[in-house]
Each structure stands twice: as C-alpha cells, then as structure tokens.
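# Residue-level structural notes
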Amino acid sequence: MAQYKRQRHEEFAAFLRIVPERSFISTDLGQAVMPHPVRGMHQCLIALTELGFSRKEIDQFVRVNPAWLLGLNK
C-alpha cells in the first residue's frame, strides 16, 4: 500500500474551507498499488459529505471551479 502518510479527512476539509470558491478536488490515484481513481474520488466525496459539506459545495469543488480554471464556463 501507500508509502506516505495519508492526510486526515478533517485536515483536507480545513483546506477546502479556507477559500471554497477557489478550491478544487482532483486525484493522483491510479498507480498499480493504489485504489482506482473513481473509487478514491467517491470515497473522498463521501467523507466530505459526512464532514458537513453540502452537495452544492462539493459541486463547486469538482465541477464549477475546475471548469472555470479550464475556461469552460464562458
């Protein structure tokens, strides 16, 4: 399994709360020994929901902000 220390969900959530309108979520999963990226992202979103993030906030992190970064919202 991973040879690095995992960040706690609460710590990750604290970073997202600093400036939510400029935060986004991505994954670097996909290596042979790591979970599938879709599964990892799903687990992350479940954890954020359990930590009190709304569906609208999560949508901001995974759809709205990344689209803005790529210039797709024009």
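Treat the numbers as computed from the prediction; the structure is a model and nothing was measured.

### As for the layout of surface pockets
- In this model, the second largest pocket occupies a volume close to 220 Å³.
- The element best represented in the lining of the second largest pocket is helix H3 (residues 55-69), accounting for five residues.
- Residue classes in the lining of the second largest pocket are distributed as four nonpolar, two polar and three charged.

### Thoughts on a nonpolar patch on the surface
- A surface patch of nonpolar side chains, about 590 Å² in accessible area, is lined by Phe 24, Trp 68, Leu 69, Leu 70 and Leu 72.
- Here Phe 24 is to be found in the loop between helix H1 (9-18) and helix H2 (37-50).
- We classify Phe 24 as partly exposed; its relative accessible area is 43%.

Reading guide: rules and limits
- Counting from 1, residues in each chain are numbered in the order their sequence is written.
- Local features in this predicted model are restricted to residues of pLDDT 70 or higher, and side-chain atom pairs are both shown and tallied only at a pLDDT of 80 or more, whereas totals for entire chains, interfaces and linings draw on every residue.
- Side-chain measures here rest on the full set of heavy atoms in the structure, leaving out hydrogens and waters.
- Here a cavity denotes grid points, spaced 1 Å and computed from the protein atoms alone, that fit a 1.4 Å probe unable to get out, and a pocket denotes an open set having protein on both sides within 12 Å along at least 5 of 7 lines; residues with an atom within 4 Å of a point are the lining.
- Grid points are joined across faces, edges and corners, and a volume is the space filled by probe spheres set on the points.
- Helix and strand definitions follow DSSP, with helices as H or I runs of at least four residues and strands as E runs of at least two, each counted in order from the N terminus.
- In the scheme used here, Gly and all other residues not listed as nonpolar or charged are polar, with Ala, Val, Leu, Ile, Met, Phe, Trp, Tyr, Cys and Pro taken as nonpolar and Asp, Glu, Lys and Arg as charged.
- Within this analysis, patches are made of residues with over 30% relative accessible area and no salt bridge. Like charges are joined at 9 Å or less; nonpolar side chains (Val, Leu, Ile, Met, Phe, Trp, Tyr) at 5 Å or less.
- Calculation of accessible area relied on Shrake-Rupley with a 1.4 Å probe; when residues are assessed, cover is drawn exclusively from the protein chains displayed.
- What counts as a salt bridge is simple: a side-chain nitrogen of Lys or Arg found within 4 Å of a carboxyl oxygen of Asp or Glu.
- Exposure classes here rest on a 1.4 Å probe applied to the protein chains alone. A residue is buried below 20% of its type maximum, exposed above 50%, and partly exposed in between.

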